[in-house]
Amino acid sequence: MSAENVHHETGLLAEDPSHVEGTDVEAATLEAAVLDSAYADADTDAGTDFDTDADADSADSVPVAGPEPAPAPSTGTISAERIAVKALEHRLLGGDRKLRRREVAAGAGLSLLSARKLWRALGFPNLGDEDVAFTERDQSALNTIVGQVRSGKLTEEAAISVTRAIGQMTDRMVVWQIEALVEDMVHQQGVPDSVARKRLVNELPSLVDALEEMLLYSWRRQLNAGIQRLAVRAEAGLQSSEEGREGDEDDTPLPLARAVGFADLVSYTSLSRRMNEKTLAQLVQRFENKCAEIISVGGGRLVKTVGDEVLYIAETPAAGAEISLALCQAFTEDEILPQARVAMVWGRILSRLGDIYGPTVNLAARLTALADPGTVLVDSMTAAALEQDERFVLLPRPAEDVRGFGEIHPVQLQRGSGRGLVLD
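Description of the structure in this document.

Reading guide: rules and limits
- Residues numbered from 1 in each chain as written.
- Predicted model: local features only at pLDDT ≥ 70, side-chain atom pairs only at ≥ 80, totals over all residues.
- Heavy atoms only, no water.
- Core = buried A, V, L, I, M, F, W, Y, C linked by side-chain atoms within 4.5 Å.
- Buried < 20%, exposed > 50% of the residue type's maximum accessible area, 1.4 Å probe, protein only.
- Helix = DSSP H or I, 4+ residues; strand = E, 2+ residues; numbered from the N terminus.
- Contact = heavy atoms within 4.5 Å.
- Axes fitted to C-alpha atoms, helices over the stretch in contact; angles between N-to-C directions.
- Parallel < 35°, antiparallel > 145°, perpendicular 65-115°, else oblique.
- Left-handed = near helix turned anticlockwise from the far one by under 90°.
- Nonpolar A, V, L, I, M, F, W, Y, C, P; charged D, E, K, R; others polar.
- Phe/Tyr/Trp six-rings, centres within 6.5 Å; stacked < 30°, edge-to-face > 60°.
- Pairing = 2+ DSSP bridges.
- 1 Å grid on protein atoms, 1.4 Å probe; cavity = no way out; pocket = protein on both sides within 12 Å on 5 of 7 lines; lining within 4 Å.
- Points joined across faces, edges and corners; volume = space filled by probe spheres on them.

**As for the nonpolar core**
Core analysis: the biggest nonpolar cluster contains 35 residues, and Leu265, Leu327, Phe331 and Leu413 have the highest contact counts within it. Taken together, the elements giving at least two residues each to this core come down to β1 (256-265), α13 (277-297), β3 (309-314), α14 (317-333), β4 (340-352), β6 (376-378), α16 (380-386) and β10 (411-415). Looking at this core, the element that brings in the most residues is α14, giving 10 residues. When residues no more than four places from it in sequence are discounted, the contact partners of Leu265 are Leu283, Phe287, Asp308, Phe331, Leu337, Pro338, Gln339 and Ala340. By size, the runner-up hydrophobic cluster in this structure holds 18 residues, among which are Ala105, Leu112, Val146 and Val149.

So, in structure tokens, the structure goes:
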């Protein structure tokens, strides 16, 4: 089998070999199993969880040897809780589960391997050939994304990347929403966590439509904001990105000029050890809420939070400086949260998978560790971009030897004239 054929069979445009005229089904099945294993080895760096078994499709449905468990006694009735779960599933999935994975793949004209690549990008677990797990809505969704590839609007790589983004973001969103609703029920109704989780099943049907509407609304607004960032590049950002180098906007190794900031809570680890679950949850939620609000008001984007640390970006050095000072002040004045160390660096980054990468990000992280509690540090290049702005005061600090960067010259950023960010 040639390399060209391997590439074709593992692509999203490949058809189910069992539906190709004149194909020996058993040989095609064996070939698909070999390709499945080969693709797993070749594409693990893309972050997709491919099977590594020689015949992964068959392994999904082969039971492990051992004594068969005794059948559970039938009660003859179904609990009200189970009925509620089933009804909610029917509503969310758009119908009953009545399709097997090979049937859904064949309905889209795909090999099972190709369909699995998309399902795994969405975060679906492995299923066996005999598992009746899919609905007609699953079929429609698969047809939708495959149609974008076949029409030439998306490449296979782009389709999988976009699909993975949807899967990962919605997974995190759903977990977040469920935990928020459970926590609210515990607080408002005075019930244990386990009771609240069971009650939520009955509460969710009245919330589904509203949550779905807000999801679509937010996605459209966020997409529009992303388009504005693409189409309307801030003049101050363009000017600052050209300082300290030769050439123009299109000749740089990294495409985006951004202000990259970190805010790190002081003594979070020792504090968390002394807190119970409820108090720690409130602290984390307060931290994330405050960060999200300030960064949003400042026109930046919250890239991610990791425990006691938040990573954010802004379009211009001034916007990044305003956000950084506002975060530092907010944590200093907060009666519950500890102070924060904050650092911000203006430079070039690579944006991928919803995250950001590059030396600018690493330098901002290093500077955060050097900052004193309740202060903001920037590097000398960022300070040069801000020195003519009366809203900021820049105080040079002694040079520091930083791993991976050598000697750098930190500068402490302080508030100058003006009110700074105004939070409603």
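The rest of the description comes next.
**Observations concerning the packing of helix α8 (residues 156-189) against helix α9 (residues 193-203)**
Axis separation between α8 and α9 bottoms out at 9 Å; the angle between their running directions is 115°. Here α8 lies roughly perpendicular to α9, going by the angle between them. Read as a crossing pair, α8 and α9 show a hand that is right-handed. Across from Ile178, Glu179, Leu181, Val182, Met185, Val186 and Gln189 in α8, the residues of α9 making contact are Asp193, Ala196, Arg197, Arg199, Leu200 and Glu203. Classifying every residue of the contact of α8 with α9 by side-chain character gives 7 nonpolar, 1 polar and 5 charged.

**Re the packing of aromatic side chains**
Inspection of every chain in the model, using the stated rule, returns 2 aromatic pairs. When the ring of Phe287 is compared with that of Phe331, the centres are 5.5 Å apart and the planes differ by 35°; the resulting orientation is tilted. Taken together, the residues Phe287 in helix α13 and Phe331 in helix α14 connect sequence positions 44 residues apart. The same class applies to Phe287 as to Phe331, namely buried.

**Overview of the pairing of β1**
Most of β1 is tucked away: 9 of the 10 residues are buried. Summarising the sheet, β1 and β4 pair through 10 bridges and their orientation is antiparallel. In the strand pairing of β4, Asp264 is matched with Arg341. Pairing analysis gives 6 bridges linking β1 to β3, with the strands arranged antiparallel. In the strand pairing of β3, Phe262 is matched with Leu311.

**Observations regarding empty space enclosed by the protein**
Considering all chains together, one arrives at 2 cavities of 30 Å³ or more under this definition. What the largest cavity holds in volume is close to 90 Å³. In terms of lining, the largest cavity is formed by Arg101, Arg116, Trp119, Arg120, Phe124, Pro125, Asn126, Leu127 and Phe134. Of the residues in the lining of the largest cavity, the class split is 5 nonpolar, 1 polar and 3 charged.

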